[in-house]
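# Examining the three-dimensional arrangement
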Amino acid sequence: MAVEELQSIIMRCQILEEQDFKEEDFGLFQLAGQRCIDEGHIEQLLEIIQNEKNKVIIKNMGWNLVGPVVRCLLWNKEDEKRKYYFLMLDLLVKLCNPKELLLGLLELIEEPSGKQISQIILLLLQPLQTVIQKLHNNKAYSVGLALSTLWSQLSLLPVPYSEEQIQTDDYGLCQCCKALIEFTKPFVEEVINDKENSLENENEKLKDELLKFCFKSLKCPLLTAQFFEQSKEAGNDPLRCFASEIIGFLSAIGHPFPKIIFNHGRKKRTWDYLEFEEEEDKQLADSMASLAYLVFVQGISIDQLPMVLSPSYLLQFNMAHIEVFLQRTEESVFSKGVDLLENGLLRIEDNSLLHQYLEIKSFLTVPQVKVTYGPYEFVRFSSSFRNNAVQDKFKYIVILLSRCLLNTSNHSGVEAFIIQNIKNQIDVSLKRTHNKWFTGPQLISLLDLVLFLPEGAETDLLQNSDRIMASLNLLRYLVIKDNEKDNQTGLWTELAKIENNFLKPLHTGLNMSKAHYEAEIKNSQENSQEVQKSKDLCSVTVGGEEIPNMPPEMQLKVLHSALFTFDLIESVLARVEELIEIKTKSTTEENIGIK
């Protein structure tokens, strides 16, 4: 019945001129064709499509059958008639109006979600490429529309973050990336072949669309993509291959990445895409950062870089890209910022960074940026500099971390880590290589930040115990290592200020804190006797905050632990003051002996 109905519609349309086809004819043709497919009359439908007499009708109306055919291919994967569906799809792509087909195929690509996104993209990329190549007018617009639609759908797929996920490729992203490269190659080759006629408007438009696609791809999926180790496995990494092809496309269409990457952000550019850069500023920043990571860390096309560029220049250049990475909270993106920073530092000779770098905005911004994302991420960021090879090349990081973050991290453990790093750098400076940033006046400005209680005697000593212990250990080290006579660190000229700003308030704070906690222990012990009678939980207020309800025994353990911390601080403080007294007394006796 469906076949007869379709044939009836076709016979009525055969006597009409192409321009006389009505909207009603299109609707009836689509419904009848859909019924033929649903009822399984595929072979009869193929005969109708292949009939030369129906050529004009199929050209104008046949694109309406693409949707039903594609859905059959997606849903009926075990159907024995799949070969007929594929044959019908190829015929429709060959015979139908390419303009209508283009829009129809893109609508089909936009429909699905989840794992079906990759399935339909892989199915329709080849037909889509064929249709676009048949379009001679506004080809650049068609290529741009197709690439934009494909990228929008691919950006919805989760990016695999482990080697196992890349290999299993559950959502098909890796397969799609590979297929997308093959889809794009003919249009890149078209630009290359028409370079002699590069002034032609259409070719320039095509280059623009390809350029935009490359930048979008650098952002997604490549910004968050993880890559195999650079070994034998690297050649089997589909995302790395995709990245390599994208960078290759940039060079092929006349925009080699050194030219692009070294002119990004400059007021005066040799790269003449200022309008695009202004419109896509945020996206371009992400794309440029991704490109920098791929080149400098992954080593993709790094041989294209000029050999004359110094490591310090490359580090300075990459700081803006590192900042982009570190502003993101995703682990996969954040870690790339750390990798790019470490990669730049390891290229530099020890102690070769000049102090003038401290005046460059990006050198100050990178360490500060992690404060806004919480102390634990900052600890992770800081831990990347435990490597002495990095610290030797990047001593300024200790200065920056100290000056910029000691008063803003709000995390005693982080501050203690910074202070420990300062101590390590002072030790290196005193033992091996003199460094003015860790001796004399420059060091004193650091010590002013370290040997200081933020709220004087009222500082919460328990909350800041890590920082206070690290500060006392630093002060003890300085007293032992630096004689008053030599005064290499400048400690002894600042001793009075240190006593007033740090040691005396710390004494007062310890006395107040111990008295407070001893009173709380006494109250807790009294309360525990009443609790034993009522068998209820009790609560204790410490430092203005109520300890959560817990058994009296547990509360006493917490309070005694606090007292133990204060005793520990007090013992180190006493030792520091004892050492100061010994050193000053010794110096005084020497001076008397000289007289």
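Residues numbered from 1 in each chain as written. Predicted model: local features only at pLDDT ≥ 70, side-chain atom pairs only at ≥ 80, totals over all residues. Heavy atoms only, no water.

## Thoughts on the overall build of the protein
The following threshold applies: Here a helix means four or more residues in a row that DSSP labels H or I, a strand means two or more in a row labelled E, and each is numbered from the N terminus. Buried, partly exposed and exposed residues are distinguished by accessible area as a fraction of the type maximum, computed with a 1.4 Å probe on protein chains only: under 20%, between the cut-offs, and over 50%, respectively. In what follows, a contact means two residues having at least one pair of non-hydrogen atoms within 4.5 Å.
A count of helices and strands for the protein gives 27 helices and two strands. Looking at the 595 residues of the protein, the share that counts as buried comes to 49%. Taking the intrachain contacts of the protein between residues at least 6 apart in sequence as the baseline, contacts between residues at least 24 apart amount to 73%.

## What to know about the packing of helix H17 (residues 311-326) against helix H18 (residues 331-346)
For the record, the criterion: For helices, the axis comes from a line fit to the C-alpha atoms of the stretch in contact; other axes are also lines fit to C-alpha atoms, and the angle between any two N-to-C directions lies between 0 and 180 degrees. Should an angle lie under 35 degrees it is considered roughly parallel, over 145 roughly antiparallel, and from 65 to 115 roughly perpendicular; all remaining angles are considered oblique. By convention, the crossing between two helices is left-handed when the near helix turns anticlockwise from the far helix through less than a right angle, and right-handed when the turn is clockwise. Ten residue types, Ala, Val, Leu, Ile, Met, Phe, Trp, Tyr, Cys and Pro, are classed as nonpolar, four, Asp, Glu, Lys and Arg, as charged, and the remainder, Gly among them, as polar.
The geometry of H17 relative to H18 is characterised by a closest axis approach of 8 Å and an angle of 165° between their N-to-C directions. Overall, the two elements H17 and H18 adopt an arrangement that is roughly antiparallel. Crossing of H17 against H18: the hand is left-handed. Side by side, H17 and H18 meet where Leu315, Asn318, Met319, His321, Ile322, Phe325 and Leu326 of the first sit next to Val333, Phe334, Lys336, Gly337, Val338, Leu340, Leu341, Gly344 and Leu345 of the second. Residues belonging to the contact of H17 with H18 are distributed by class as follows: 11 nonpolar, four polar and one charged.

## So, the side chain of lysine 139
Assignment of secondary structure puts lysine 139 in helix H9 (residues 139-154). Relative accessible area serves as the criterion here: at 12%, lysine 139 is assigned to the buried category. In contact with lysine 139, not counting residues within four places along its chain, are Ile132, Gln133, Glu190 and Glu202.

## Observations concerning the nonpolar core
The tendency in soluble globular proteins is for nonpolar side chains to be buried as a group. Operational definition: By convention a nonpolar core is built from buried Ala, Val, Leu, Ile, Met, Phe, Trp, Tyr and Cys residues, the set being connected through side-chain atoms within 4.5 Å.
Within the largest apolar cluster, 120 residues are counted, with the highest numbers of intra-cluster contacts made by Leu128 and Phe183. Not counting the four nearest positions on each side in its chain, phenylalanine 183 is found in contact with Leu125, Leu128, Gln129, Ile132, Ala146, Leu147 and Leu150. The next biggest cluster of nonpolar side chains, apart from the first, holds 45 residues, and it includes Ile422, Leu461, Leu474 and Leu563.

## Digging into the pattern of salt bridges
Condition: A side-chain nitrogen of Lys or Arg and a carboxyl oxygen of Asp or Glu constitute a salt bridge if their distance falls within 4 Å.
Scanning the model with the defined rule gives 15 salt bridges in all. Glutamate 39 is paired through a salt bridge with arginine 35; the nearest N and O atoms lie 3.6 Å apart. Given a relative accessible area of 41%, glutamate 39 falls into the partly exposed group. Residue class for arginine 35 comes out partly exposed when judged on its relative accessible area of 32%. In this structure, a network of salt bridges that share partners links the residues Lys219, Asp286, Arg328 and Glu330.

## Brief notes about helix H6 (residues 82-95)
Put simply, the rule is: A helix's residues, less one, multiplied by 1.5 Å, set its expected span.
Its 14 residues place the ends of H6 20 Å apart at the C-alpha level, agreeing with the 20 Å of an ideal helix rising 1.5 Å per residue. Burial in H6 covers these residues: Tyr85, Met88, Leu89, Leu91, Leu92 and Val93. Packing partners of the buried residues in H6 comprise helix H2 (23-38), helix H3 (42-50), helix H4 (55-61), helix H5 (66-75), helix H7 (98-110) and helix H8 (116-134).

## Notes on the packing of aromatic side chains
One pair of aromatic rings is described through two measures. These are the centre distance and the angle between the planes. Going by this rule: Only centres within 6.5 Å qualify two rings of Phe, Tyr or Trp (six-membered ring in Trp) as a pair; their planes then separate them into stacked at under 30 degrees, edge-to-face at over 60, and tilted for everything else. Whether a charge sits over a ring depends on NZ of Lys or CZ of Arg being within 6 Å of the ring centre and within 35 degrees of the ring normal.
Across all of its chains, the model carries four aromatic pairs by this definition. Taking the centre distance of 5.6 Å and the plane angle of 65° together, the rings of phenylalanine 183 and phenylalanine 187 count as edge-to-face. Linking phenylalanine 183 with phenylalanine 187, this pair stays in helix H11 (residues 173-193), spanning four residues, or about one helical turn. Taken individually, phenylalanine 183 and phenylalanine 187 each receive the classification buried, so the pair is uniform in this respect. Joined through ring pairs, the aromatic side chains of Phe227, Tyr293 and Phe325 make up one cluster. Over the ring of tyrosine 171 we find lysine 115; its NZ or CZ atom is 5.5 Å from the centre of that ring. Just above the ring of tyrosine 477 sits the side chain of lysine 423; from NZ or CZ to the centre is 5.0 Å.

## Observations regarding the side chain of threonine 489
For the record, the criterion: Two N or O atoms count as a polar contact when they lie within 3.5 Å, although within protein this holds only if one can serve as hydrogen donor and the other as acceptor, and sequence-adjacent residues are included solely when both atoms are side-chain atoms.
On the secondary structure map, threonine 489 appears in the loop between helix H25 (465-481) and helix H26 (495-534). A distance of 3.3 Å separates the side chain of threonine 489 from the backbone nitrogen of leucine 491, its partner in a polar contact.

## Details of the confidence of the model for the protein
In low-pLDDT segments, the atomic positions of the prediction should not be examined closely. Keep this limit in mind: Every residue is assigned a pLDDT by the predictor, reflecting its confidence on a scale from 0 to 100.
Residue-level pLDDT values for the protein average 80, and 77% of them are 70 or greater. Contacts from residues 274-279, a stretch scored under 50 in pLDDT, to residues over four places away or in other chains number 10 contacts. Residue range residues 368-390 is modelled with pLDDT below 50. Its contacts to residues more than four positions away, or to other chains, number 53 contacts.

## As for the packing of H5 against H7
Axes are the key here: two packed helices are described by the angle between their axes and the distance separating the axes. Here H5 crosses H7 at 35°, and the two axes come no closer than 10 Å. Crossing hand, H5 versus H7: right-handed. Across the interface between the two elements, Val66, Gly67, Val70 and Arg71 of H5 pack against Leu101, Leu105 and Leu108 of H7. Its residues assigned to classes, the contact of H5 with H7 comprises five nonpolar, one polar and one charged.

## What to know about unusual backbone geometry
Backbone geometry follows two general trends: most residues other than glycine have a negative phi, and most peptide bonds adopt the trans configuration. Along the chain, cysteine 220 connects to proline 221 via a cis peptide bond; the corresponding omega equals 15°. Along the chain, proline 221 falls in the loop between helix H12 (201-219) and helix H13 (238-252). Backbone geometry places serine 301, a non-glycine residue, at a positive phi of 60°. The exposure class of serine 301 is buried, given its relative accessible area of 18%.

## Digging into the environment of isoleucine 49
Position of isoleucine 49 among the secondary structure elements: in helix H3. When its relative accessible area of 2% is taken as the criterion, isoleucine 49 is described as buried. Separated by 43 residues in the primary sequence, isoleucine 49 and leucine 92 have C-alpha atoms spaced 8.0 Å apart. Those residues within four positions of isoleucine 49 in sequence are excluded, and the remaining contacts are Ile58, Leu65, Met88, Leu91, Leu92 and Leu95.

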